Amino acid sequence: MALLEVKKLGISFGGLRAVDEFSIKIEKGELYGLIGPNGAGKTTVFNLLTGVYKPTDGSITLDGEDITGRNTIQINKAGIARTFQNIRLFHNLSVIDNVKVGLHNHYKYSSGTGVFRLPKFFKTEKEMNKKALELLSVFDLDKEAYLPASGLPYGKQRKLEIARALATQPKLLLLDEPAAGMNPNETAELMNTIRSVRDNFDMTVLLIEHDMSLVSGICERLSVLNFGQLLCEGKTSEVLSNPEVIKAYLGD
Amino acid sequence: MKKKLNPQTRKSFITYGLLLIVFIAVEILLKTGSISSMLQGLLVPICVYSILAVSLNLTVGILGELSLGQAGFMCVGAYASAIFSNLVKDSITQPVLRFTLAIFIGGIVAAIFGILIGIPVLRLRGDYLAIVTLAFGEIIKNVFAALYIGYDSAGLHISLKSQGDLGLKPDGKMIINGALGIGGTPNDSTFEIAFVILFISVIIIYNFIHSRTGRAVMSIRDNRIAAESVGLNITKYKLITFALTAFLAGVAGVLYSHNFYSLQASKFDYNLSILVLVFVVLGGIGNIRGSIIAAAVLTLLPELLRSINNYRMLFYAVILIVMMICTSNETIRTFFIRNFQKLKGLIIKNKSGSETVKEAE
């Protein structure tokens, strides 16, 4: 059974059909790419998958559980975490606190326990710190743990966003243009990071990307979106040499 | 083995230490009788305003929402507790027990109002909270100013018209007398009690901020969409914060109402809410220690300027503006910080030459 199965997903904004009859099937442990020209509806698909928009038709199934029409919070709890095209960190919090917010729903104590500093507070906070530092060290961010997140260089902010998403312990990780604004060196490093995330965390990754070196470098399978519709899907090398795809990107 | 404190904990402990030092200093001055009776009368209000300021800072600085109803919550707490104290004045004669109960009643009633307002409003984004809390404060003030409550052998009588409308029997007693307010509330709040409550409030707020809940609240402030994407229930955390703010404002109201012999609703007007907001903004949004300092300084200032009676408010305004410029203008702030560090360097140098070298490194 596929981890994520999307059937005939569609949404209209007024008269505009932003996504139409979009279907995708992602197996557990896959590195899957979603590509397409600007305005094809890739981010809209992400917003549909994470509950930012409610689909007008179609269904989304995650690990056998129907999650169509749920809100962002419920979908995150069901097991989908994401990063954003324009980085959205908690800028005034420290790096480690960003990750600890991600751990929020897995390490619990009540507000009262926090205010009155009951023993459970110290115990849980200690566990959270340990777990957060563990995650940060995977992304080589443990040295910056107590710096404010806004002070990190761009590439590291991207990594921190991925770390925060992973902290919610998802089944599926959605990355929205992770290499946007990165230089070739940073992109190469990011590719290694994404690969190691998949291997170390046994994670399934779906990513949107324009950077073809990253797409061809790490994605095993691809779907191509054009004008809100699925143009083709298949193995990366086959898709990228498909004349339809080249036409969609470069025109006639 | 020496345990290293993390910077947040250190910051809060410095505040606790400063508060204690100030308290001890004031106590010594009180014992030696070197504080004028005018200033003595201001000690409880300073604590009250400080509690109002730090609790508002929770909503404005930590949650990032603007609330203009602090006086309204204070009013609710003040009236609820004053009614309670007046009713049980004869049955509970132990002042500490009575006042403790009054504090909880005032705080909880205010928190309930906070939750009732918060449930519809905190779901929205934007300035709605400011608008609704502003209206709430005015409504509460006017309702209490028109409220008549009395009791006699037949029980409680409530009216919104006049004292005569209550139809009290000869043995009856008035509790709230419309615009004249409540009289005869036992004067249970002293500077010591007010200080202890301020201290506890500050501890509660620091602990709240540096806990799982506080982190969630600050992440919502920093980026709502991202906070939702990691599965945080936005409305719940906004509501908890707002209720805590209202609770503490209610407690401040209890202290206030038990400090004066009579209490009128007209004191809890719009200006008071704005004044508290001024404390928060001048002290630094999100800066708890700053809120207390601003509240204390700006409450003392009009009294200290009393000698230049005619120009008092002029100076007050000028000082306000200067403080505002100094805290918000980046250039002036760096100028102050740089000179402060120079000064610090000089002091250390005078103490011992070798330490300065270490400091510089």
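All figures in this text were calculated on a predicted structure; none of them were measured in a lab. Once a new chain begins, its residue numbering starts again from 1 and follows that chain's sequence as written. Here the convention is simple: chains get letters from A, ligands get numbers from 1, in the order in which they are written. Under the rules for a predicted model, residues below a pLDDT of 70 receive no local features and side-chain atom pairs below 80 are neither given nor counted, while totals for whole chains, interfaces and linings still include all residues. For side-chain calculations, the full set of non-hydrogen atoms in the structure is used, while hydrogens and water are omitted.

What counts as a helix is a DSSP run of H or I of at least four residues, what counts as a strand is a run of E of at least two, and both are numbered from the N terminus. Counting secondary structure elements, chain B contains 14 helices and five strands. With C-alpha atoms as the basis for the radius of gyration, the globule rule is written as 2.2 Å multiplied by the number of residues raised to the power 0.38. Taken over the C-alpha trace, chain B has a radius of gyration of 23 Å; the compact-globule value for 361 residues is 21 Å, and the two agree within 12%. Viewed in the frame of its principal axes, chain B has a C-alpha envelope of about 80 × 60 × 50 Å. Within the span of chain B, comprising 361 residues, buried residues form 49% of the whole. Within the structure as shown, chain B displays about 17600 Å² of accessible surface, and the carbon and sulfur contribution to it stands at 67%. Charge counting follows a simple rule: Lys and Arg are positive, Asp and Glu are negative, and His as well as the terminal groups are ignored. Lysine's charge is taken at NZ, arginine's at CZ, aspartate's at CG and glutamate's at CD. Computed over 31 positive and 18 negative side-chain charges, the separation of the two mean positions in chain B equals 8 Å. Working definition: with a 1.4 Å probe on protein chains only, accessible area under 20% of the residue-type maximum means buried, over 50% means exposed, and in between means partly exposed. Accessible areas in this description were obtained via Shrake-Rupley with a 1.4 Å probe; residue shielding takes into account the shown protein chains only.

So, on to the sheet that holds strand 1 (residues 4-13) of chain A. Residue and element names in this part refer to chain A. Strand order in the open sheet made by the four strands is 2-1-4-5, with antiparallel pairing throughout. Lying at the two open borders of the sheet, with one neighbouring strand each, are strand 2 (16-26) and strand 5 (65-66). Here strand 4 (residues 57-62) runs beside strand 5; their pairing, made up of two bridges, is antiparallel. By the bridge assignment, leucine 62 is partnered in strand 5 with glutamate 65. Paired strands, in this sense, are two strands between which DSSP finds at least two bridges.

Attention shifts here to the confidence of the model for chain A. Confidence of the predictor at the level of single residues is given by pLDDT, which spans 0 to 100. Summing up the model confidence of chain A, the mean pLDDT is 92 and the portion of residues at 70 or higher is 100%. Across chain A, helix 3 (residues 95-102) of chain A holds the top mean pLDDT of 96, while helix 10 (residues 243-250) of chain A sits lowest at 83.

Now for the pattern of salt bridges. Salt bridge, as applied in this entry: a Lys or Arg side-chain nitrogen positioned within 4 Å of an Asp or Glu carboxyl oxygen. Scanning the entire structure with this criterion turns up 22 salt bridges over all chains. Two residues, A:Arg17 and A:Asp57, come together in a salt bridge whose shortest N-O distance is 3.0 Å. Remark: A:Asp57 occurs in strand 4 and A:Arg17 occurs in strand 2; sequence separation between them is 40 residues. The exposure class assigned to A:Arg17 is partly exposed, which follows from its relative accessible area of 31%. Put simply, A:Lys123 and A:Glu127 hold a salt bridge, and the shortest N to O gap is 3.9 Å. Note that A:Lys123 and A:Glu127 are positioned in helix 5 (residues 119-138) at a spacing of four residues, about one turn of the helix. Residue classification places A:Lys123 among the exposed residues on the basis of a relative accessible area of 56%. Since its relative accessible area comes to 37%, A:Glu127 is described here as partly exposed. Here the residues in one salt-bridge network are A:Asp97, A:Lys100, A:Glu125 and B:Arg215, joined through shared partners.

Time to look at the layout of surface pockets. As defined here, a cavity is a set of points on a 1 Å grid over the protein atoms alone where a 1.4 Å probe fits but cannot get out. A pocket is an open set with protein on both sides within 12 Å along at least five of seven lines, and residues line them when an atom is within 4 Å of a point. Grid points are joined across faces, edges and corners, and a volume is the space filled by probe spheres set on the points. Within this model, the largest pocket holds a volume of roughly 1600 Å³. As for the largest pocket, its lining consists of 44 residues, of which B:Asn6, B:Pro7, B:Gln8, B:Thr9 and B:His210 are closest to the centre. Mapped onto the lining of the largest pocket, the elements with two or more residues apiece are helix 3 and helix 5 of chain A together with helix 1 (7-32), helix 2 (37-62), helix 6 (191-209), helix 7 (212-222) and helix 11 (288-304) of chain B. Element by element, the count of residues in the lining of the largest pocket is highest for helix 1 of chain B, at seven residues. Class assignment of the residues belonging to the lining of the largest pocket gives a composition of 18 nonpolar, 15 polar and 11 charged. For this classification, Asp, Glu, Lys and Arg are treated as charged, while Ala, Val, Leu, Ile, Met, Phe, Trp, Tyr, Cys and Pro are nonpolar and the rest, including Gly, are polar.

Attention now moves to the interface of chain A and chain B. Contact with chain A, which involves 30 residues of that partner, is made by 28 residues of chain B. Here chain A packs against chain B, burying approximately 2500 Å² in sum over the two surfaces, 58% of which is carbon and sulfur. Across the chain A-chain B interface, the total number found is one salt bridge. Between A:Glu125 and B:Arg215 there is a salt bridge, and its shortest N-O distance comes to 3.1 Å. Each polar contact in these results corresponds to two N or O atoms within 3.5 Å; when the atoms are within protein, one needs to be able to donate a hydrogen and the other to accept it, and residues that are neighboring in sequence are counted only if both atoms are side-chain atoms. For the interface between chain A and chain B, the tally reads 14 residue pairs in polar contact (both at pLDDT 80 or more). Broken down by secondary-structure element, the contributors of at least two residues to the side of chain A that touches chain B are helix 2 (72-78), helix 3, helix 4 (111-115) and helix 5 of chain A. Contact definition: two residues touch when any of their heavy atoms are within 4.5 Å. By convention, the term buried area covers the 1.4 Å-probe accessible surface removed from two parts as they join, with the contributions of both added.

Before going further, it helps to examine the domain arrangement of chain A. All names here are of chain A. Source of the domain bounds: an automatic or database domain assignment. Per the domain assignment, the segments making up chain A are domain 1 (1-79 + 171-252) and domain 2 (89-169). A straight line from the C-alpha centre of domain 1 to that of domain 2 covers 27 Å. Between domain 1 and domain 2, the contact holds 18 residues from the first and 13 residues from the second. Taking both partners together, domain 1 and domain 2 bury about 1200 Å²; carbon and sulfur atoms supply 68% of that area. In this assembly, domain 1 and domain 2 are joined by one salt bridge. Counting the contacts that link domain 1 with domain 2 gives three residue pairs in polar contact (both at pLDDT 80 or more). The element contributing the most residues to the side of domain 1 that touches domain 2 is helix 7 (residues 184-201), with six residues. Its residues assigned to classes, the side of domain 1 that touches domain 2 comprises nine nonpolar, three polar and six charged.

This next bit is on the sheet that holds strand 10 (residues 229-235) of chain A. Residues and elements named next belong to chain A. Reading across from one edge, 6-7-8-3-9-10 is the order of the six strands in this open sheet, with mixed pairing throughout. The two strands at the open ends of the sheet, each matched to only one other strand, are strand 6 (80-82) and strand 10. Geometrically, the sheet is characterised by an average inter-axis angle of 20 degrees between neighbouring strands, direction not taken into account. Relative to strand 8 (residues 204-208), strand 3 (residues 31-35) is paired through four bridges, and the arrangement is parallel. For tyrosine 32, the partnering residue across the bridge sits in strand 8 and is leucine 206. For helices, the fitted line uses only the C-alpha atoms of the stretch in contact; every axis is such a line through C-alpha atoms, and the angle between N-to-C directions lies from 0 to 180 degrees. Running over the sheet, helix 7 touches strand 3, strand 7 (172-176) and strand 8 and is turned about 135 degrees from strand 3. Contacts from helix 10 reach strand 3, strand 9 (221-226) and strand 10, with the element oriented near 130 degrees to strand 10.

Right, let's talk about helix 7 of chain B for a bit. Of all 11 residues making up helix 7 of chain B, 10 are buried, and the element is well covered by its neighbours. The complete set of buried residues in helix 7 of chain B reads B:Arg212, B:Thr213, B:Gly214, B:Arg215, B:Ala216, B:Val217, B:Met218, B:Ser219, B:Ile220 and B:Asp222.

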